[in-house]
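# Observations on the model geometry
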Amino acid sequence: MARSHTVQKLLRTEDLRSTTVERPMNPTAWGVGWRPLFWGCALVLVANTFLWFWNYAFMFTAGLNSASWEFTLYYRTLFWGELIIVGVFAGLWFGWLIRTGREIVDQPCTRAEEVRRVAILWSLIGVTSLSIYIEASFWPNWDGSWHQTMVRDTALTPTHIPMFYFFFPLSVVLAVGSYLYGRFRLPAVYGKGKGFPWSFFLLISAAVLECMAVAANEWGHSLWISEEIFAVPFHWPFVIYGWLASGMFAVWGETILHLFDIERAEEAAQPEAALEPHVAAD
Amino acid sequence: MAAGTTTIAEAAERQRRLELKELLQKRYRWIDWKWDLVFWVTAIFVVAGAADITKQLFAGDWDFWTDWKDPQWWPVVTAFATIIIPSALQYIQWAAWRFPTGATYTSLCLFLAVWIGRYFQWHVAESYPLNFVWPISTVCAGILMDWILMKTKSFILTSFIGAHVWAIAVWAYNYVPLAPFLQPAQFMDHVLTVADVQGIAYIRSQTPEYLRLIERGSLRSFLGETQYVSLAFAGTAAFAGYWIGQCIGRYLAVWPIRRYLKTH
């Protein structure tokens, strides 16, 4: 099978790393396996900060009347912009993960490389965790203060637009992307032959259910209780989401068990070297 | 016979301790402190999010405003809603490390997340004074519940004792900051509490009038006993919440490890 340019480059890099004695790679160095954690969290925080300041600047001047031109300019534009950005990001990222993943899934890799991949998966899970906090705590606080105070005239309110239509789908994308990463990069844990992991099933279900609960919420506020009482029954499906996100702990659990498997294999292969921590095998 | 059994048991225990000590001092090639740090730090977010969304959507209204913190419903719904995720984390951390720290960890995560939300979203963005929208804290209750687990080493005993302690501790610990707002105040020829005056002064167009709701409460006929009846029921509600949390920890967090849906 022909390898894509990206995969050839990736493999070349790994070959180089594997044969370079002077500069051994430590897969758990902050700048190696954990780098996506810092970049991912930084990007999510930048997006959150932008949306917070956007809302702070325009919610009272443009967010009160959904029939106004200002609302269309500042909020409907934001709504579509968010969906397009998340959609394009998902398409590009998933496409890259699947395309390159299919090419390297059957390629052998060193134990150090496998450790690096576990660190990257943990990084992606960490970013997903941050996104879940933002959608389950940071924005719901503003949603509460806004909707308990202001009369709503649309489902696309200033607090709903960043929360429901950016961070909710972003968490779905991050959870699915994390699974796709594991599916192709860590076949020993998430390979096709093992079936679909319950851990990711729960985590992805949580994020998807959260988006579905938006529909229940809007229906409830339109046709049942227009007032914003936070403890009303049609809000409770959002809570189930928070509980299902516990699947994240199962992801951590099964990957740390896999790390112990790798350590055991390394110790069996090189018993003396295994006693020296942080020294790369490759 | 008995002495021989004791000796064998002691030897087995000594051997187990040696193995554990060896395991503790084992040096790994790639498993280092960074994994612990990343886990404990990144888990803060999902734990805080889960705990806060559970509290907000089961008991949020009673937590958002000082004038909703009444003696009838506030202790009950708050005790139920806030114990769920701490219980789940108590199971996870006990099962994984024998750490009796899950409830305290969750309470600290929740404390951090809630204060960020209250400050930035309620105070800065919507201009509510913090002394009207301050959140409760469950840190004291978390420490006590973890201590009970540590001493009893039993989830069943912790659920019986700890849940009631949780309900009382959440109320007692937060009654201290609440007490000043329950002082009487004269407002438009009526005697109200300071909290009631806050509720009238700050317009909430989309929130029901809570004063009217609690007037219907039949528990008011118990007069001064209202608080204690509510606290007793709060312990029962917290007991139910504790086992919901245990189910989350056991079946949604730990059980799925290395389990797969067979798709072929």
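It should be emphasised that the depicted structure is a prediction, and the values quoted were computed from it without experimental measurement.

## Thoughts on the overall build of chain B
Of the regular secondary structure elements, chain B holds 10 helices and three strands. Going from the N terminus to the C terminus, chain B shows its helices and strands as α-α-α-α-α-α-α-β-β-α-α-α-β. Relative to the globule expectation of 18 Å for 264 residues, the C-alpha radius of gyration of chain B, 23 Å, shows a markedly less compact shape. Out of the 264 residues in chain B, the part that is buried amounts to 43%. Counting only contacts in chain B whose residues sit at least 6 apart along the sequence, the fraction spanning at least 24 positions is 67%.

## Some points on the interface of chain A and chain B
Opposite the 65 residues of chain A that make contact, chain B presents 54 residues. Looking at the side of chain A that touches chain B element by element, the count peaks at 18 residues for helix α4 (residues 111-147) of chain A. Class assignment of the residues belonging to the side of chain A that touches chain B gives a composition of 41 nonpolar, 18 polar and six charged.

## Regarding the packing of helix α5 (residues 160-185) of chain A against helix α7 (residues 198-223) of chain A
All names here are of chain A. The geometry of α5 relative to α7 is characterised by a closest axis approach of 9 Å and an angle of 160° between their N-to-C directions. Put simply, α5 runs roughly antiparallel to α7. Judged by the sense of rotation from one axis to the other, the crossing of α5 with α7 is left-handed. For the pair α5 and α7, contact is made by Phe164, Phe168, Pro169, Ser171, Val172, Ala175, Val176 and Tyr179 and by Phe200, Leu203, Ile204, Ala207, Val208, Glu210, Cys211 and Val214, respectively. Looking at the contact of α5 with α7 residue by residue, the classes come out as 14 nonpolar, one polar and one charged.

## Concerning unusual backbone geometry
Residues and elements named next belong to chain B. Despite not being glycine, Arg98 shows a phi value in the positive range, around 55°. Turning to its location among the elements, Arg98 is positioned in the loop between α3 (74-97) and α4 (102-124). Even without glycine at this site, Ser127 takes up a positive phi of about 65°. With respect to the helices and strands, Ser127 occurs in the loop between α4 and α5 (130-133).

## Some points on the nonpolar core
Among the nonpolar cores identified, the biggest contains 131 residues, and Tyr133 and Leu203 of chain A together with Ala79, Trp166 and Ala238 of chain B are the most heavily contacted of them. When residues in this core are grouped by element, the largest group, 19 residues, is from α4 of chain A. Ignoring any residue separated from it by four or fewer positions in sequence, one finds Tyr133 of chain A in contact with Phe138 of chain A together with Phe45, Val46, Ala48, Gly49 and Ala113 of chain B.

## Regarding the environment of Asp106 of chain A
As for its position among the elements, Asp106 of chain A is in the loop between α3 (69-104) and α4. For the pair Asp106 of chain A and Ile84 of chain A, spaced 22 residues apart in sequence, the C-alpha separation works out to 34 Å.

## Regarding α7 of chain A
End to end, α7 of chain A covers 36 Å across 26 residues, agreeing with the expected 38 Å (1.5 Å per residue, within 8%). Listing the buried residues of α7 of chain A in full gives Trp198, Ser199, Phe200, Leu202, Leu203, Ile204, Ala206, Ala207, Glu210, Ala213 and His221 of chain A. For α7 of chain A, the secondary structure elements touched by its buried residues are α5, β1 (196-197), α8 (236-244) and α9 (247-269) of chain A together with α10 (226-254) and β3 (260-261) of chain B.

## Quick look at the confidence of the model for chain B
Residue and element names in this part refer to chain B. This prediction gives chain B a mean pLDDT of 90; 92% of its residues lie at or above 70. Averaged over each element, pLDDT in chain B is lowest for helix α9 (residues 210-215) (56) and highest for helix α6 (residues 139-152) (98). This prediction of the complex comes with two scores: 0.90 for pTM and 0.90 for ipTM.

## Here we look at the packing of α3 of chain B against α4 of chain B
Residues and elements named next belong to chain B. Contact geometry for α3 and α4: axes closest at 7 Å, N-to-C directions at 130°. The angle between α3 and α4 falls in the class oblique. Crossing of α3 over α4 shows right-handed handedness. Packed against α3, whose contacting residues are Ile85, Pro86, Leu89, Gln90, Tyr91, Ile92, Gln93 and Trp94, the element α4 presents Gly102, Ala103, Tyr105, Thr106 and Ser107 at the interface.

Reading guide: rules and limits
As a convention, each chain's residues are numbered from 1 in the sequence order in which they are written. Throughout, the order in which chains and ligands are written sets their labels, letters from A for the former and numbers from 1 for the latter. Local features in this predicted model are restricted to residues of pLDDT 70 or higher, and side-chain atom pairs are both shown and tallied only at a pLDDT of 80 or more, whereas totals for entire chains, interfaces and linings draw on every residue. Strands here are runs of E lasting at least two residues and helices are runs of H or I lasting at least four, both read from the DSSP assignment and numbered beginning at the N terminus. Here the globule rule is a power law, 2.2 Å times the number of residues to the power 0.38, and the radius of gyration is based on C-alpha atoms. Three exposure classes are used, all based on how many other C-beta atoms lie within 10 Å of a residue's own C-beta (placed from the backbone): buried at 20 or more, exposed at 12 or fewer, and partly exposed between those limits. Residues are defined as contacting one another if the C-beta atoms placed from their backbone atoms lie within 7 Å. Only Asp, Glu, Lys and Arg are considered charged, only Ala, Val, Leu, Ile, Met, Phe, Trp, Tyr, Cys and Pro nonpolar, and every remaining residue, Gly among them, polar. Between N-to-C directions, angles span 0 to 180 degrees; the directions come from axes that are lines fitted to C-alpha atoms, helices contributing only their stretch in contact. These descriptions rest on fixed angle ranges, namely under 35 degrees for roughly parallel, over 145 for roughly antiparallel, 65 to 115 for roughly perpendicular, and the rest for oblique. Handedness of a helix crossing follows the sense of rotation of the near helix relative to the far helix, less than a right angle counterclockwise being left-handed and clockwise being right-handed. Each nonpolar core comprises buried Ala, Val, Leu, Ile, Met, Phe, Trp, Tyr and Cys residues, the members being joined through C-beta atoms within 7 Å. One less than the residue count of a helix, multiplied by 1.5 Å, gives the span that helix is expected to have. Within a predicted model, pLDDT stands for the predictor's per-residue confidence, ranging from 0 to 100.

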